[in-house]
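Below are the chains, spelled out letter by letter.
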Amino acid sequence: MSLRNKEILTHAVLVLMIVSGAWQFFANLDWVLAPGRRAAMEVATAQVESKWEKKKGGGRGKSYTWHVLELKGVEGCNCKGAARVDAYLYNKTATGDAVEVLCHKGVCYSRADTRWDFGYRIQIILAGLGALVCAVIEGVLLLRMRKRKLDPPK
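Residues numbered from 1 in each chain as written. Predicted model: local features only at pLDDT ≥ 70, side-chain atom pairs only at ≥ 80, totals over all residues. Heavy atoms only, no water.

1. Quick notes on the nonpolar core
Side chains of a nonpolar character, in soluble globular proteins, are inclined to be buried together.
Step number 1: Membership of the largest hydrophobic core comes to 13 residues, with the highest contact counts inside it found for Leu-69, Leu-71, Cys-79 and Val-101.
Step number 2: Among the elements that make up this core, the one with the highest residue count is strand β1 (residues 42–59) (three residues).
Step number 3: If we skip the residues at most four places from it in the chain, Val-101 touches Glu-42, Val-43, Ala-44, Thr-45, Ala-46, Leu-71, Cys-79, Cys-108, Tyr-109 and Ser-110. (Core = buried A, V, L, I, M, F, W, Y, C linked by side-chain atoms within 4.5 Å. Buried < 20%, exposed > 50% of the residue type's maximum accessible area, 1.4 Å probe, protein only. Helix = DSSP H or I, 4+ residues; strand = E, 2+ residues; numbered from the N terminus. Contact = heavy atoms within 4.5 Å.)

2. Some remarks on the packing of aromatic side chains
Step number 1: The full count for this structure, using the stated rule, is two aromatic pairs.
Step number 2: Taken together, a centroid distance of 5.1 Å and an interplanar angle of 80° make the contact between Phe-25 and Phe-26 edge-to-face.
Step number 3: Among the residues examined, Phe-26 registers a relative accessible area of 58% and is labelled exposed.
Step number 4: Look at Tyr-109 and Trp-116: their rings are 6.1 Å apart centre to centre, the planes differ by 55°, and that puts the pair in the tilted class.
Step number 5: Relative accessible area serves as the criterion here: at 2%, Tyr-109 is assigned to the buried category.
Step number 6: The class for Trp-116 is buried, based on a relative accessible area of 10%.
Step number 7: Residue placement shows Lys-51 over the ring face of Tyr-90; its charged tip is 4.5 Å from the ring centre.
Step number 8: Cation over ring: Arg-84 sits above Trp-66, and NZ or CZ is 4.0 Å from the ring centre. (Phe/Tyr/Trp six-rings, centres within 6.5 Å; stacked < 30°, edge-to-face > 60°. Lys NZ or Arg CZ within 6 Å of the ring centre and 35° of its normal.)

3. Points about the state of the cysteines
Step number 1: Applying the stated criterion to the full structure yields two disulfides.
Step number 2: Through a disulfide, Cys-77 is tied to Cys-103; the S-S separation comes to 1.8 Å. Placement of the pair is Cys-77 in the loop between β2 (62–75) and β3 (80–85) and Cys-103 in strand β4 (residues 98–104), with a sequence separation of 26 residues.
Step number 3: For Cys-77, a relative accessible area of 16% translates into the label buried.
Step number 4: One disulfide bridge connects Cys-79 with Cys-108, the sulfur atoms lying 1.9 Å from each other. Its torsion about the S-S bond being 85°, the disulfide of Cys-79 and Cys-108 is classed as right-handed. (Disulfide = S-S within 2.5 Å.)

4. Points about the layout of surface pockets
Step number 1: Of the volumes computed, that of the largest pocket is approximately 230 Å³.
Step number 2: What lines the largest pocket is a set of 13 residues, among which Tyr-64, Trp-66, Arg-84, Tyr-120 and Gln-123 lie closest to the centre.
Step number 3: Put simply, the parts of the chain that give the lining of the largest pocket at least two residues each are α1 (3–27), β2, β3 and α4 (118–150).
Step number 4: For the lining of the largest pocket, the element with the most residues is β2, which contributes four residues.
Step number 5: Residues belonging to the lining of the largest pocket are distributed by class as follows: five nonpolar, six polar and two charged. (1 Å grid on protein atoms, 1.4 Å probe; cavity = no way out; pocket = protein on both sides within 12 Å on 5 of 7 lines; lining within 4 Å. Points joined across faces, edges and corners; volume = space filled by probe spheres on them. Nonpolar A, V, L, I, M, F, W, Y, C, P; charged D, E, K, R; others polar.)

Structure, rendered in structure tokens:
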């Protein structure tokens, strides 16, 4: 593989890592900030509108399943949201059941949501930091490449 192809591949991989890490961070930023807003949230009652499962492949023959409850506020707050819960609560809850939720700016947050866990927030923060580190590396590589073009060898 030529040096030029290696540079192109390096830039492509770094850009892919920047985009995927930033996407993961900003798509889940609400869950990173949610624990700090817990004091401002009001307790309300919501109804389970629907529930669904999504299987994800984890590689090497391992997979995991998301159990999601779609919620809509019926008492105390007019909110909508989705809660990712464990299998036990998912199987125990039926469509139409009333559950207690926390409401903030029209979004329902279930107390049983697995995204409240500290490990989930750390994963999202690390994705954002990884994107930032890759962006710095890409910036340095682009500056070096520009410097090489402006100062040709003598």
